[in-house]
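Inside the fold
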Amino acid sequence: MIDFDINSSERKRILDFVHVSLEEFYQHTNRLPVAPIVDEEEVKNYAKSLSFDTSNGMEKVLSMVTEGLQKYAVHTAHSGYYGLYNPRINYLSSIADYITAIFNPQLAAWSHAPFANEIERHLVESFGVKLGFDKSSCDGTFCTAGAESNLTAVQCALNHHFPNVFTKGVLSLPKRPLIYCSSESHHSIVKAARTTGLGSDSVRSIAVTDDLSINCNLLKEQIERDIADGYEPFLVVGTAGTTGSGAIDNLEMLADICDIYNMWMHTDAAFGGGAIASGKYAKILKGIERSNSIMLDLHKWFSVPMATSLFLTNDPAILFKTFNIKTSYMPVDGDQVARVDPYLHSIQWSRRFNGLRIFLPLAVFGWSGYDEVITYQIEMGNQLREMLIEDGWEIRNDTQLPVICFSHAQLAGDDDKVSKLVDDVIASGQAWVSTYPVHGALTIRACITNYKTTTEDLKNLINTLKSNLKN
Ligand SMILES: *Cc1c(COP(=O)(O)O)cnc(C)c1O
């Protein structure tokens, strides 16, 4: 029989082999175009080029994979990538993935992986406290992504407000439950409404003010109208850094509104929550500590690999109340609250040790390391804003996060011209930017998501924009 272990010298050989190509990519990412020009047929054929009907040499297979990833992907690790919060990966997190894969601890039950579970617990508490929650009451869980964290929030809020909903079902509710968020909030909220059976009609999309944050007056009016019309408002989702333009909702005002109407306040701080690590800029998130729950994507600004998000809450019982289920086939752990089994406390069942991805860099560099790196990126954003203005561009959004939506008089408010310019910039291989409509007019959007982006990169971006504007 073949041996899945291969043997010790082969393991060393392929690890060295992979290391060479990973190192080439990691060290010299910027030698590659940020985004390749991909021929669809070519990549489809390439992906199918190895048959499973024969065996293939390890080096051949591994080269095929690393070359494919190098050739056919947008390189978020490139310092000219100004994209949607997909980071360059801090190196230690990649080691975390390898360690986790080899030990493969099963975190579903505490008793199967006590150490890994306690590391995640330590992280949940540390992030909770950092965001302003009380250590004694804060709770949370690692999620695969922001979409799962937001779904967790909707489930918790629903269960908090309607304690029988998960036995009797949403059909049993006398009044339709309503969720409120801004028209700029992330669509994973709508998905969560669908998944929970509330339906997308249960999401009230509230218009934004000039700075693209939720209009709190309209929010209040809508809630009052809905109550009068016989609906049951139960959840307000504030966004601390919208995906589109980095707008931060007025979290204090949202908290006041939630107090008045007895609603759950969830803050979606997917990217923007990273600012909490910055000694200088954490204040832009003021009010976040008054949330009942917060979601923070570590795979955005904390520079860890995909599938790492945190759901945090200041209600120590809500996760267990929402996800507890009785089984006869899982190991039992006595005191459920002191030593919670993650499978009784979250959406996931089998659970990977994704927390190690943040534990390693945080333990090695400390909060002060993250403070430096995140403050630096905010200031690179400020610098880019200044450089753009100096070069004749107009800034169209208003945020302290490093998310810049801009345009140029020569584009004459023509969306097609904006799209073409962005396509040309991407095709140059020098930078990756995107488009976003701000108050109805398309803008060019550049986000700083890479701790390696320097002033030189920003100059290169401006030059690339300028030369393509002329075309
Ligand atoms: C990215 C993002 C999400 C979704 O998170 P995923 O990790 O992509 O699932 C939700 N909300 C906001 C504001 C985001 O920026």
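Because the structure is a prediction, the values reported are computed rather than measured.

Within strand β7 (residues 309-313), 5 of the 5 residues are buried, leaving the element largely enclosed by the surrounding structure. In β7, alternate side chains face the same way, and those of Ser309, Phe311 and Thr313 on one face and Leu310 and Leu312 on the other are all buried. Relative to β7, strand β1 (residues 139-143) runs antiparallel, the two being bridged by 5 bridges. The partner of Phe142 across the bridge, within β7, is Leu310.

Domain annotation for the protein chain reports domain 1 (8-31 + 36-73), domain 2 (105-361) and domain 3 (365-470). The distance between the C-alpha centroids of domain 2 and domain 3 comes to 30 Å. Each partner contributes to the interface: domain 2 provides 31 residues, whereas domain 3 provides 26 residues. Both sides of the domain 2 and domain 3 interface together cover about 2,400 Å² of buried area, and 64% of this is carbon and sulfur. When the area that domain 2 buries against domain 3 is broken down by residue, the three leading residues are Tyr281, Trp301 and Pro361, summing to 26%. Our enumeration of links across domain 2 and domain 3 arrives at 1 salt bridge.

Further remarks concern the site of the ligand. With respect to spatial proximity, 15 residues lie near the ligand, and among them Gly146, Asp268, Asp297, His299 and Lys300 are the closest. Taken by itself the ligand offers 380 Å² of open surface, and the protein chains cover 86% of this.

Position of Asn450 relative to the elements: it lies in the loop between β11 (441-447) and α14 (455-470). The exposure class of Asn450 is buried, given its relative accessible area of 0%. Along the chain, Asn450 and Phe302 lie 148 residues apart, while their C-alpha atoms are 9.9 Å from each other. Of note is the side chain of Asn450, whose polar atom sits 3.1 Å from the backbone oxygen of Ala77. Here the side chain of Asn450 touches His78 through a polar contact of 3.0 Å, landing on its backbone oxygen.

Among the nonpolar cores identified, the biggest contains 58 residues, and Phe127, Leu219, Leu298, Phe302 and Ile358 are the most heavily contacted of them. Of all the elements, helix α12 (residues 356-390) adds the most residues to this core, at 7 residues. Residue-level mapping places this core at the junction of two domains, with at least three residues from each of domain 2 (105-361) and domain 3 (365-470). Contacts of Phe127, omitting those with residues within four sequence positions, involve Leu296, Leu298, Phe302, Leu310, Leu312, Ile358, Leu362 and Trp367. Within the second largest apolar cluster, 29 residues are counted, among which are Leu384, Leu388, Leu458 and Leu461.

In this section: the packing of helix α9 (residues 216-228) against helix α10 (residues 251-261). Between α9 and α10, the least distance of the axes is 11 Å, while the angle of their chain directions is 15°. Taken as axis vectors, α9 and α10 run roughly parallel relative to one another. The hand of the α9/α10 crossing is right-handed. Contacts between α9 and α10 involve Cys216, Leu219, Lys220, Ile223, Glu224 and Ile227 from the first element and Met253, Leu254, Ile257, Ile260 and Tyr261 from the second. Taken together, the residues of the contact of α9 with α10 break down into 9 nonpolar, no polar and 2 charged.

Right, let's get into the packing of aromatic side chains. One pass over the structure, following the stated rule, counts 11 aromatic pairs. Joined through ring pairs, the aromatic side chains of Phe127, Phe302, Trp367 and Tyr370 make up one cluster. Its guanidinium or amino end placed over the ring of Trp367, Lys130 lies 4.8 Å from that ring's centre, counting from NZ or CZ. Here Arg204 stacks its cationic end above the ring of Tyr231, 5.2 Å away from the centre of that ring.

How each quantity is defined
Residues numbered from 1 in each chain as written. Predicted model: local features only at pLDDT ≥ 70, side-chain atom pairs only at ≥ 80, totals over all residues. Heavy atoms only, no water. Buried < 20%, exposed > 50% of the residue type's maximum accessible area, 1.4 Å probe, protein only. Helix = DSSP H or I, 4+ residues; strand = E, 2+ residues; numbered from the N terminus. Pairing = 2+ DSSP bridges. Domains from an automatic or database assignment. Contact = heavy atoms within 4.5 Å. Buried area = accessible area lost by both parts, 1.4 Å probe. Salt bridge = Lys/Arg side-chain N within 4 Å of Asp/Glu carboxyl O. Near = heavy atom within 4 Å. Areas by Shrake-Rupley, 256 points an atom, 1.4 Å probe, with all protein chains shown as cover. Polar contact = N/O pair within 3.5 Å; in protein donor to acceptor, adjacent residues only side chain to side chain. Core = buried A, V, L, I, M, F, W, Y, C linked by side-chain atoms within 4.5 Å. Axes fitted to C-alpha atoms, helices over the stretch in contact; angles between N-to-C directions. Parallel < 35°, antiparallel > 145°, perpendicular 65-115°, else oblique. Left-handed = near helix turned anticlockwise from the far one by under 90°. Nonpolar A, V, L, I, M, F, W, Y, C, P; charged D, E, K, R; others polar. Phe/Tyr/Trp six-rings, centres within 6.5 Å; stacked < 30°, edge-to-face > 60°. Lys NZ or Arg CZ within 6 Å of the ring centre and 35° of its normal.

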